[in-house]
Each structure stands twice: as structure tokens, then as C-alpha cells.
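Structure assessment
Listed below, chain by chain, are the residues.
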Amino acid sequence: MDRRLFLRSAVAAGVSAAATPALAAQFAALTKVGSNINAVTGDRAAIEIEQAAVKELADSLRGNVLLPGNAGYDAARRVLNSGIDKHPAFVVQPVGATDIRKAVTFARERDLLLAVKCGGHSYAGKSTCDGGMQIDLSTLRHARVDATRRIAHVAGGSLLGELDGESMAVGLVTTAGTVSHTGIGGLTTAGGFGRVGRRFGLALDNVVGADVVTADGRLLHASAEENEDLFWAVRGGGGNFGIVTNFEMALHPMERRVVGGDILYSGSMVREVFEKYREYGASVSDYLYCDAFTASMMEGTDSMAGFHVCWSGPENEAEKILAPLRSLGTPLADTVKAWDYVELQRSGDSTEARNVAQYMKAGFINDVPDSLIDAIADGFEPMDGRTVFLYCQHSGGAIGRVPTPDTAFAHRKSLANMFVIVEWAKDAEADTHVRYIRDWWGQLEPATDGYYTVDTSDESRAVRHANYQGNFPRLLALKKKYDPTNLFRLNANINPAG
Ligand SMILES: Cc1cc2nc3c(=O)[nH]c(=O)nc-3n(C[C@H](O)[C@H](O)[C@H](O)COP(=O)(O)OP(=O)(O)OC[C@H]3O[C@@H](n4cnc5c(N)ncnc54)[C@H](O)[C@@H]3O)c2cc1C
């Protein structure tokens, strides 16, 4: 069980792109607009965009421009978190890097607020906006595997399932997140934890090349040999440096059959679960991915605590490896079994309509001190009408062996990414739940050391910059070089003004 849990009541709207209108219909819609289009700049100042300019942009693209009211506009503007309800002035759906270059140039020349959407999983909704241009990459989805070179070429709007499916079909794999409709773009530019991350590193550790449209509208190839500084920056700098149109990712041989699932105890065992996690999570084999969590569901106040595991080593060793996790007592449920890796990766996907809103706080933990266990156990408050979820996503292993200065991702020494999420019915009052998580986080945060940039959003500029730790000065210099006007600002933003 993991972030997947929340998807049972999730998805629908933003994930699958609705049918896009024919070009002729779009042009008709554009010419029906009686006046200029109201929009905002990056600094949220009101501006008007000439209708003729938008039509000219639309004419020049192979892809689509969608205005409010066009078919597909609502699916594009929405993100997974249904608490986010923003309306871009218009949406560009590119079908190639050239379309993206034109859209980026259009936005930069007008100082237009710009949002970039891939899978739409940003909790804070940074891939959509009010009044700006949204570039929706859902029209740019494709993964191709070169089995001989063990490289996957993945288009920048792809979802993780495309990468997993194509690579495992030829017995190869690379690290991807645990929900297969997460976007490659947001996940890989920021980090990329997943079930084989302790074996093969973060998703970004496996990037060997990236094609990037930068703020000046150029398409640059970034690798260890070419534009090395940009290559460094896009591996951990999130969306700050441009739009990745294509990722080249290193693949590794792996058996399709892995052993995975959940070991669930009653919530009253929460201390024992996290005490076990302290020694076990830190010392176990790289072939084991082990998350620890405690959760309560929307209905009622029952709670549970337990582990989610994926063992990708020899199947006959799984029982011995997992025995310590089963030694805490009689589990409420034990769903661990041998199954297909791609199936496990898809096991938390959902296509149900979303009717919940979410709020989240997150931080990396380097260990599990008693004070943290106390804060977890004492602060966990199930309530009928909300879901509460504290989760530690396993890090370490190969992730921790990459020297911190090698990529822009700064948090190499962590044991896990710990996050708390509260979820409530979309139309219900939010304040109580948000306040609860903020208060609880006040107790948990002292045990953290920085946070995963995609998981949090309401921090100050100083805190955000400090979170890049020792990599910040270099990131700032590169932001000034590649995006001096901060066109790409809807992300864990590095402000070029410092
Ligand atoms: C259900 C769920 C499960 C998750 N599981 C995991 C997990 O197992 N492991 C993990 O590490 N994280 C996980 N995450 C966090 C996830 O990695 C981030 O939310 C990430 O931002 C999602 O990427 P996206 O493309 O779907 O997001 P979007 O909302 O589409 O984009 C988020 C941001 O990414 C940037 N971006 C998107 N595409 C590109 C691109 N092509 N080039 C440059 N920048 C781009 C933009 O700045 C954008 O604002 C999960 C999130 C959710 C909601």
C-alpha cells in the first residue's frame, strides 16, 4: 500500500486526454473570440493576448491550441488533485519538440505565465494555472527500447507505464515510480523513487541523455558529453531548466517475476512497525524495497500500520528476507506473493472519478529516532470523513551511493521519503484537515532533513532554495544562464534573482 491507496478514489479527469478537436474546428473557435484573450504574466499582472497572435500560433503548430470551451480543454487543465481547479487562458498540446519551441517562444515574448503538464500528478497543481499558457504534453507519449544498447527513449509527456511495459517486454527495467500513470517528466526531473530504486538508483540516476527546450526556445541535447551543465541541472532541478521532450534512460536486465505486496497490522502496532523499520530498512539488501506506513480510511476510525515490499532477488530467498517483517504478531492481512513486475507496478492505478481533495507535507528522514516514533504514534488522529496516511518510501542502497554533487538531487543519505497526506470529500470544509496535518507535521518535521521537491508547495523562497542544500549555488548560476526571466517558475522554483 502506498500513494496508490489514494488513487482508488482518484484519477479520471486529467490523466487521459480527451479527444482533441480537428484543427478547422479550433480555428473556428478562435475566430469566434470577440476580443483579445485575458491572461496573466509570470508575476500575475493582467495582460491581454492578441487573438490574432494565438491564431497564428495555432496555425503554425502540428498540435492543438485549446481555448476554454474547446473539447479537451477541461481534461487538460485538470490535475490529479481534484482540489485544484485552475483555468489557463489557453492550452497548447504539442506533438513534437518544434511545437514546444514555438509555444515557449510565444510565452517568453509575452512574459506569459507558463505551466507544463506531463502526468498531472503534482500535488500542488503546479502543472496547471489561472490565466497563463499551459503546455499539456499528453500528446507526446511514446517509449521505444533499444534492447541492444539497453537504452529506453521516452517522450517527455509519457506515463511511467509506457516505460515499464516496453522495457520489461524485453527483460529490461529501470527505476520508475509506484503508480504507472505518474508522468515521466515531473518524476524524473525531480528524483524518481520506486520499487527497484535501491538496486538501480533513482529514475534520474538512469538518465543518460535528455533533449530539452530551454527558455530561449532552443532544443538542446544534454548528456555527459554535451551541455554537461544542463545535464546536471535537469537531474534534480525539476522543471526549472526547460521542457524535456525526450529522455534516454539506462536499462538493466531483471526477471519479470518479483515478490511483492503488503503486510498489514492493526494500527495499535504502529510503534513496533516503525521500530522494526529503523534497523531493517537501514540494513536490508538493495534487492528489497520496503516502505513503512500507518493509515486510516475515509469511513470510520480503524487504523492500520505495516509494510509494502518488493523483492527482486531470487524468489526462493524471499521468505527468509521477509521473515523479520512478519515476526511482529499476526498480521491483519499479508498480500505478499510472486507476481509480474509490471502488474505490481499497475496494482495501485485507478480509473475511478475523483471526488476528494488532498493536502500533504513531506520530508526525508535519515533514521527513525524514538522521538519520531512518538510523534507518529501520538499525532495520528483517524477521523470519520477523512483519510490520513503517513508513509515512508524507501531510499538508500544505490540511491545513497551516488555522490551528492554528481546530480542536482541533493538528498542522498536518506533512509526514506516520509510524507503525510490527508484526504477529504471534495466539497467538504478543508481547513480542519489542513490545520491538522500542519500541526502534526510540526511534531514530525524535527526528524527530517530537507524534502522531496515535488511533495511540498507552501514553503518560503528561502526554505525552497535551502532545500537544494550544497547544490544550490550551482543551480542558481545555471538558472541565470538558462532561464534568466524565470519563465519556468511553476515548479520547486529557483528564483534567478536569488
Ligand atoms: C499517486 C502518486 C504516486 C506517486 N508516486 C511516486 C513514486 O513512487 N516515486 C516518486 O519519486 N514520486 C512519486 N510521486 C510524486 C511524483 O513524482 C510527482 O508528483 C511528479 O511531479 C509527478 O510528475 P507528473 O509529470 O505526473 O506531474 P505534472 O503535474 O504533470 O508535472 C509536475 C511538474 O513537473 C515538471 N514537468 C513535467 N513534465 C516535464 C517535462 N517533460 N520536462 C520538464 N519538466 C516537466 C513541471 O515543472 C510540472 O509543473 C507520486 C505522486 C502521485 C500523485
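The model shown is predicted, which means the values in this text are computed figures rather than measured ones.

In this section: the pattern of salt bridges. Across all of its chains, the model carries 22 salt bridges by this definition. Arg 489 serves as the salt-bridge partner of Asp 43, at 2.9 Å between the closest nitrogen and oxygen. Here Asp 43, found in the loop between β1 (37–40) and β2 (46–49), pairs with Arg 489, found in the segment after α15 (472–482); they are 446 residues apart in sequence, far enough to count as distant. On the basis of relative accessible area, Arg 489 is assigned to the buried category, the value being 18%. For Asp 229, the salt bridge goes to Lys 481, with nearest N and O atoms at 2.6 Å.

Further remarks concern unusual backbone geometry. We note that Arg 150 has phi near 55 degrees; this positive angle belongs to a residue other than glycine. By the element assignment, Arg 150 lies in the loop between β7 (143–146) and β8 (151–155). Look at Arg 150 and you get partly exposed, because its relative accessible area is 41%. Notably, Gln 469 is not glycine yet its phi reads approximately 50 degrees, a positive angle. Within the secondary structure, Gln 469 is located in the loop between α14 (461–467) and α15. Overall, the relative accessible area of 30% leaves Gln 469 in the partly exposed class.

This paragraph deals with the environment of Ala 224. Assignment of secondary structure puts Ala 224 in the loop between β11 (219–223) and α8 (228–234). Along the primary structure Ala 224 and Gly 209 are separated by 15 residues, whereas in three dimensions their C-alpha atoms are 7.6 Å apart.

For the protein, the domain assignment lists domain 1 (11–138), domain 2 (143–254) and domain 3 (256–447). One C-alpha centre belongs to domain 1, the other to domain 3; they are set 36 Å apart.

Position of Asp 449 among the secondary structure elements: in the loop between α13 (431–444) and α14. Overall, the relative accessible area of 23% leaves Asp 449 in the partly exposed class. Once residues within four sequence positions are removed from consideration, Asp 449 is found in contact with Phe 364, Asn 366, His 411, Lys 413 and Gln 469. A polar contact of 3.0 Å, which involves the side chain of Asp 449, links it to the side chain of Asn 366.

Okay, helix α4 (residues 97–109) next. The end-to-end C-alpha separation of α4 is 18 Å, in line with the 18 Å expected for 13 residues at 1.5 Å each. Three or more residues of α4 are buried, namely Ala 97, Asp 99, Ile 100, Ala 103, Val 104, Phe 106 and Ala 107. Where α4 ends, the next residue or the one after it, Asp 111, has phi of about 60 degrees, a positive value.

With that settled, the discussion passes to the packing of aromatic side chains. Taken as a whole, this structure holds 12 aromatic pairs when the rule is applied. For the pair Phe 193 and Phe 409, a centre-to-centre distance of 6.0 Å together with 65 degrees between the ring planes defines the contact as edge-to-face. You can see Phe 193 sitting in the loop between α6 (184–190) and α7 (197–200) and its partner Phe 409 sitting in the loop between β20 (386–394) and β21 (416–425), a full 216 residues away along the chain. Taken together, the aromatic side chains of Phe 193, Phe 364, Phe 409 and Tyr 452 make up a single cluster linked through ring pairs. Sitting over the face of the ring of Phe 106, Arg 110 holds its NZ or CZ atom 3.8 Å from the ring centroid. The cationic tip of Arg 386 hangs over the ring face of Tyr 436; the distance from NZ or CZ to the ring centre is 4.1 Å.

Once that is clear, we can look at the sheet that holds β8. One open sheet holds the 5 strands; their spatial order is β7-β8-β12-β10-β11, and the pairing between them is antiparallel. Taken across any chain shown, the strands that pair with only one partner, and hence form the sheet edges, are β7 and β11. Between one strand axis and the next, the sheet turns through 15 degrees on average, direction left out of account. By the bridge criterion, 5 bridges tie strand β10 (residues 207–213) to β11 in an arrangement that is antiparallel. Note on β11: the bridge partner recorded for Ala 210 is Ala 222.

Taken together, the neighbourhood of the ligand is formed by 34 residues, with Cys 118, Gly 120, Ser 127, Gly 183 and Tyr 452 sitting nearest. At 3.0 Å, a backbone N or O of Gly 186 approaches an oxygen atom of the ligand. Between Gln 393 and the ligand, the recorded distance is 3.1 Å, taken from a side-chain N or O atom to an oxygen atom. When residues of the shell around the ligand are traced back to their parent elements, those giving at least two are β5 (114–117), α6 and β12 (243–250). Of the residues belonging to the shell around the ligand, the class tally is 14 nonpolar, 17 polar and 3 charged. Taken domain by domain, the makeup of the shell around the ligand includes at least three residues from each of domain 1 (11–138) and domain 2 (143–254).

Calculation rules
Residues numbered from 1 in each chain as written. Predicted model: local features only at pLDDT ≥ 70, side-chain atom pairs only at ≥ 80, totals over all residues. Heavy atoms only, no water. Salt bridge = Lys/Arg side-chain N within 4 Å of Asp/Glu carboxyl O. Helix = DSSP H or I, 4+ residues; strand = E, 2+ residues; numbered from the N terminus. Buried < 20%, exposed > 50% of the residue type's maximum accessible area, 1.4 Å probe, protein only. Domains from an automatic or database assignment. Contact = heavy atoms within 4.5 Å. Polar contact = N/O pair within 3.5 Å; in protein donor to acceptor, adjacent residues only side chain to side chain. Expected span 1.5 Å × (residues − 1). Phe/Tyr/Trp six-rings, centres within 6.5 Å; stacked < 30°, edge-to-face > 60°. Lys NZ or Arg CZ within 6 Å of the ring centre and 35° of its normal. Pairing = 2+ DSSP bridges. Axes fitted to C-alpha atoms, helices over the stretch in contact; angles between N-to-C directions. Near = heavy atom within 4 Å. Nonpolar A, V, L, I, M, F, W, Y, C, P; charged D, E, K, R; others polar.

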